[in-house]
Every structure is written in structure tokens, then in C-alpha cells.
Amino acid sequence: MTTRRAAYEARQRRRANLLAGGSTAVVLILLIVLVPLAPGWEGVQASFFNAEIFARTFPDLLSAFLINIAIFAWSVPLIAALGLAIALARGARAPVLFPLRIFGAIYVDLFRGIPVVLLVYLVGFGIPGLGLPRPWNSPYIWGTVALVLTYSAYVAEVLRSGIESIHESQRNAAVCLGLSERDTMRYVVLPQAIRRVVPANMNMLVALQKDVALLSFIGPVEILRQAGIFKSLLANFTPYVAAAVIFLCVTVPATRYADYLMNRDRNART
Amino acid sequence: MPEPRLALRGVKKSFGDVEVLHGIDLAVNPGEMVCLIGASGSGKSTLLRCMNGLEPVDDGEVRLDGVDIAEPGFDLAPIRQKIGIVFQSFNLFPHMTAYDNVALAPRRVLAEDARTRIEALFERFGLAAHMGKYPDQLSGGQQQRVAVIRALAMRPQTMLFDEITSALDPELVDEVLDVLRSLRDDGMTMVLATHEMGFARELADRICFMDKGVIAEEGAPDLIFSTPQRERTKQFLASVLR
């Protein structure tokens, strides 16, 4: 049995689907028909969407992507630890720890204020320039350091906002039980704060995953640099498109997952 | 005359330019149960929060077992174990089970694994089946009882209760009041800010009627409720006892 309301809503839904489907089809058809009519289309197709080159370079690009994943994987724990340390330093209240607080503030201002790519250049070329012995002149190390410096500054701010979002009554309850400031932070405030900023940090991870490609500018043959090598070798831009496809395969699910967490969080709080 | 467990003298407290306590004098003897009644904003909660140092007082003395804890710079941490407080809004830690909520402070502050003692408290207040649940899986009345257990696990000699039934659905109030009755039977020293007039009349040793930051009238429950002396007390009681 359908109620009047259900029947009405079904009609409305059918109508909405029809309109959405129709307008999408029109746009797609226009794209398919009009884009190839552009004067340079044949050239673009040959140099960006060459199926044969795509198939030939894809496996090598994929294995170069493993380097991105490796750099990403060892950056994340460093970023988490340093970000947490900076967030705590910025929240330190004791007068003795004032230098720490100032340091935290300067750190965040500095490394959030410099474009990542610039920091990658400065650290990645500058520090090995000191003439350090192997392996301490490796661009892997210093490129990673640049990423860690930048991202830990962002993560510190996200964590700090999480810490400040925990209601004063939670601190009061802990303090009235006799818990020390330190235990209150460790057992009561931080666990709740970290949980609360998981969605925001997921977005950080997605951004970091992409920014690993910036290390290509200073040496490591990760996916972007590998694509550049293929481009020079084959005089064709298709490897870049292939690299983009590989990135999307990782970042789209990750972004969707972050959105899902964010929504769940919002729904849980209302 | 025994020394009072808690003695306040001339306690003043301001928030910004607004003075909310205008010099409170109050003594609570060991084993006594004192109820603070009065309209919202009369200063009951602030007074309670001054009693355990959660709000620093601006002037006056708060003596707990003879020690002035209102002394500026006084280290309150050791005092917190002697005086427990339960809030209107429960303030349980939402990321911990009921048991962990209770066990945290004994473990960290007293360095004691108080499992048997804590389990006995859960048992006593009818929550043995709920120890492993998270606060959002418990009813308001259950959460508030866990909050009481959490305070009791520190073995306080004095308990403060800040309108602990005001946020509860009416049918859940009794289960929390029963907890207070049980503590009363133990001889716990208690100070309650409450709107439960029937309960205050039944169990309190003394009622303090607060009005605009002063204790306007105080005395035995029967006297306050049957023959209030001050006009303001009569008005208040008339409005709440309708």
C-alpha cells in the first residue's frame, strides 16, 4: 500500500532523476561533439591521450608511485608526533615553559607561511649543500624533512583547535577528582580532541599524498619525475595523464572517506 | 563543640564587575547535610564551587578541616581528594566506559588499583551490569549515579552536589535521590544545591535559603518550610511549593 505522500514523493523523484539524467546527457554529448571540433584537438589527443604510450608507461609509473607511498608512509608518523608536540607546546601555561610557547607560535607562523614547494627547494638543496657525508645528503631525507616541517605546523593547528573545543566542564571534572594538569590533558582532553579532529586530519593526509610529488623537483625519481622522464624520452605528455589517473585512484577514495567521517561527525553532534 | 568540617567566613566572589557572593558565613559539621535552596542565579552553584576551590574566592576564608584553602596560591590538589563534587550536567568522560571513568582518578592520583572497591560501589548503587558501558549508552539517571560513584571512589569525607537532579527527566530523579539517602545513612558530610524541596525537607539537617548572593535565612527544615521569617523566603517557597 502506498500512501498519498509516498506516491507524490515517488513522482517527484522520477521527475528529478529524468531532469538530472537529461541535462547530464546533453552536456556529455556537447563535450564529445564540440571538443574534437577544436582546431588543435588532433594534436592534443596524440600527445596527451595516446593509448599505446599510456599502456607502455603505466607499469613503470605505478612502481615509481611506490616511492611516493614510501615517503608518505614515513612522513605521517613524524608529522603526527611533531604536530602533537607543537600543539602541546603552544598550549603550555606554566611561565617556565613560555619559551616553548613562543617557539610553537613561531614554528607554526613560519612553516604555514612558506609555500611547500619553496621549503622543499630550500631544505632539499640547502642542507645537502653543507657537504654532509652520505647518506645524510640524500634528497629523500631532506625532502621528507621539508614536508614534515610544513605539515606538522598545519596538524598542530588542527590539534590545537580540537583541544580548545573540549568543553571546560570536562577539565573541571578531572581537576575536581584531583587529576594533575598533565593527566587531565593526557587521559581526558587529548583522547577526545584527537577523535574530534580525525576528519580534518584526513584531509591533511590527502593533501600530503599529493604534495609528495613536489619532491620530484629535488631528485627522487617518484611518479611525477618518472612521468617527466618518459615525457622527454617519448616526446609525449600521456605519462602525465597516466600519473594523474594513478593519483586519483588514491585521493578520490581517501577524500570520500574524509567527507564520510566529517558528515558522520556532524550528524553525531546534532 | 567539634570543629566544623567546612567553615566559610565572609566569602566574596565576583565575576567581572558583578559580585555574586556578598560575604557568606556558613559552617558545616561532620556528618551534617546542608541544603542550599533559592532561585536560579542566587549564588548556590558559585558557593559550592568556592567550597572546593574550583572558583577562587576574592575575599574571605574557606576552611576545610581547619585549613584555609582559599588562601591565594594554596595547592588544592591534595584537597580535592577530601572533597568530592557532582555536577548538574554529569560531566562523565564520554570516551571511557563507566568503570574507567571511576577508576581513572584512583589509579592516577592514589596509585591504587581499586577494582574491588569500585565494583562494590557499582553493585551498591545498582549499576553492576553497566560498568562496561559508555556514558551515551546510559540513561541520565544512570550517568549521574556513575558520576557520584566516580567522586566516591576517591574516598572523600565531604561531598558537594550541584543540582544533580535538575537535568534529569522527572521519573529518573528518585533513583539519584536514593543514592543521596544512602550516603546520608553512611554519615557523609554533604552540601547540596537543590530544587527538590520535598527531599530537602525530609533529609536535610539545615536549610540555607540564598537570595541575591547572601544566605537570607537558615535553619532546621521544619522551621524554614513551615514558618519562614523573611518575606523573600515566603515568596520563594510559595512559588516552588505550589
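The numbering scheme is per chain: residues are counted from 1 as the chain's sequence reads. Each chain is given a letter, starting from A, and each ligand a number, starting from 1, according to the order in which they appear as written. The predicted nature of this model means local features are confined to residues of pLDDT at least 70 and side-chain atom pairs, given and counted, to a pLDDT of 80 or more, with totals for whole chains, interfaces and linings taken over all residues. Heavy atoms from the whole structure form the basis of all side-chain values; hydrogens and water molecules are not counted.

Engineer: Quick rundown of the environment of Cys35 of chain B? Include the residues and the values.
Structural biologist: All names here are of chain B. Relative to the helices and strands, Cys35 is located in strand β3 (residues 33–37). Classification of Cys35 as buried rests on a relative accessible area of 0%. When the C-alpha positions of Cys35 and Met197 are compared, they lie 9.3 Å apart, and in sequence the two are 162 residues distant. Here, residues are in contact when the closest pair of their heavy atoms is within 4.5 Å. Residue contacts for Cys35: discarding those within four places in its chain leaves Leu192, Thr194, Ala200, Ala204, Arg206, Ile207 and Cys208. Note on conventions: DSSP H or I runs of at least 4 residues are helices, E runs of at least 2 residues are strands, and numbering of each starts at the N terminus. Each residue is assigned to one of three classes by its accessible area relative to the maximum for its type, calculated with a 1.4 Å probe on protein chains only: buried under 20%, partly exposed between the two thresholds, exposed over 50%.

Engineer: Help me get a handle on helix α3 (residues 98–109) of chain B, residues and values and all.
Structural biologist: By the burial criterion, the buried members of α3 of chain B are Ala98, Tyr99, Asn101, Val102, Ala103, Leu104, Ala105 and Pro106 of chain B. Residues of α3 of chain B that are buried in the fold lie against α8 (181–196) of chain A together with α4 (115–124) and α5 (140–152) of chain B. Of the residues one or two after α3 of chain B, Ala111 of chain B is the one with positive phi, at around 50°.

Engineer: An account of a nonpolar patch on the surface is requested, with residue identities and associated values reported.
Structural biologist: The residues that make up patches have over 30% relative accessible area and no salt bridge, and they are joined within 9 Å when like-charged or within 5 Å when they are Val, Leu, Ile, Met, Phe, Trp or Tyr. All accessible-area figures derive from a Shrake-Rupley calculation using a 1.4 Å probe, and residue coverage is judged against the displayed protein chains alone. In what follows, salt bridge is the name for a side-chain nitrogen of Lys or Arg lying within 4 Å of a carboxyl oxygen of Asp or Glu. Together, Val26, Val27, Leu28, Ile29, Leu30, Leu31, Ile32, Val33, Leu34, Val35 and Leu37 of chain A line one region of the surface with nonpolar side chains, adding up to about 1,000 Å² of accessible area. Structurally, Leu28 of chain A can be placed in helix α1 (residues 4–34).

Engineer: Just give me the short version of empty space enclosed by the protein, but keep the residues and values in it.
Structural biologist: Vacant regions in the atomic arrangement are exposed by a probe of water-molecule size rolled over the atoms. Method remark: on a 1 Å grid restricted to protein atoms, a set of points is classed as a cavity if a 1.4 Å probe fits but cannot get out and as a pocket if it is open with protein on both sides within 12 Å along at least five of seven lines; lining residues have an atom within 4 Å of a point. Grid points are joined across faces, edges and corners, and a volume is the space filled by probe spheres set on the points. Scanning the entire structure with this criterion turns up two cavities of 30 Å³ or more. Of the pockets and cavities examined, the largest cavity occupies roughly 100 Å³. In this structure, the largest cavity is lined by 14 residues; those nearest its centre are Ala173 and Leu177 of chain A together with Ile85, Arg150 and Ala151 of chain B. Elements represented by at least two residues in the lining of the largest cavity include exactly α7 (168–176) of chain A together with β6 (83–86) and α5 of chain B. For the lining of the largest cavity, the leading source of residues is β6 of chain B, giving four residues. Grouping the constituent residues of the lining of the largest cavity by class yields eleven nonpolar, one polar and two charged. Looking at the second largest cavity, its volume works out to about 40 Å³. Lining the second largest cavity are Phe161, Glu163, Ile164, Thr165, Leu177, Leu180, Leu192, Ala193, Thr194 and Glu196 of chain B. Each residue is assigned to one class: nonpolar for Ala, Val, Leu, Ile, Met, Phe, Trp, Tyr, Cys and Pro, charged for Asp, Glu, Lys and Arg, and polar for all the others, Gly among them.

Engineer: I'd like a rundown of unusual backbone geometry, residues and numbers included.
Structural biologist: Between Arg134 of chain A and the following residue, Pro135 of chain A, the backbone shows a cis peptide bond with an omega angle of 0°. Residues other than glycine seldom take positive phi values, yet Ala111 of chain B does so here, at roughly 50°. Within the secondary structure, Ala111 of chain B sits in the loop between α3 and α4. On the basis of relative accessibility, which here comes to 69%, the residue Ala111 of chain B falls in the exposed class. Unusually for a residue other than glycine, Lys212 of chain B sits at a positive phi of about 50°.

Engineer: Residue-level account of the confidence of the model for chain A, with values.
Structural biologist: Per residue, pLDDT measures the predictor's confidence, with a range of 0 to 100. Across chain A, the average pLDDT comes to 90, with 97% of residues at 70 or higher. Within chain A, the element-level pLDDT minimum falls on helix α11 (residues 238–269) of chain A, averaging 84, and the maximum on α7 of chain A, averaging 94.

Engineer: Mind laying out the interface of chain A and chain B, listing which residues take part and the relevant values?
Structural biologist: Listed by partner, the interface residues are 17 residues for chain A and 22 residues for chain B. A quick way to say it: buried area is the sum, across both parts, of accessible area lost when two parts are put together, with a 1.4 Å probe. Interface area, chain A with chain B, both sides summed: about 1,600 Å², of which 64% is carbon and sulfur. When the buried surface of chain A facing chain B is broken down by residue, Cys176, Leu177 and Tyr187 of chain A rank first, second and third, together holding 40% of it. Summed over the shared surface of chain A and chain B, the result is one salt bridge. Between Asp183 of chain A and Arg108 of chain B there is a salt bridge, with its nearest N and O atoms 2.9 Å apart. Polar contacts, as counted here, are pairs of nitrogen or oxygen atoms within 3.5 Å of one another; within protein the pair requires one atom able to donate a hydrogen and one able to accept it, and residues that are adjacent in sequence qualify only if both atoms are side-chain atoms. Inspection of the chain A/chain B interface yields four residue pairs in polar contact (both at pLDDT 80 or more). Elements supplying a minimum of two residues to the side of chain A that touches chain B: α7 and α8 of chain A. A per-class count over the side of chain A that touches chain B returns nine nonpolar, five polar and three charged.

Engineer: An account of the sheet that holds strand β10 (residues 214–219) of chain B is needed here, citing residue identities and associated values.
Structural biologist: Residue and element names in this part refer to chain B. A pair of strands counts as paired when DSSP detects no fewer than two bridges linking them. The mixed open sheet is built from six strands, whose spatial order is β6-β7-β8-β3-β9-β10. In this open sheet, the two edge strands, each paired with only one partner strand, are β6 and β10. Adjacent strand axes in the sheet meet at a mean angle of 20°, parallel and antiparallel pairs treated alike. For β3 and strand β9 (residues 206–211), the ladder comprises four bridges, and the chain directions are parallel. Note that in β9 the partner of Val34 across the bridge is Arg206. Interaxial angles span 0 to 180 degrees and are taken between N-to-C directions of axes, which are lines fitted to C-alpha atoms, for helices over the stretch in contact. Packing against the sheet, helix α9 (residues 231–240) makes contact with β3, β9 and β10, and its axis sits at approximately 100° to β9.

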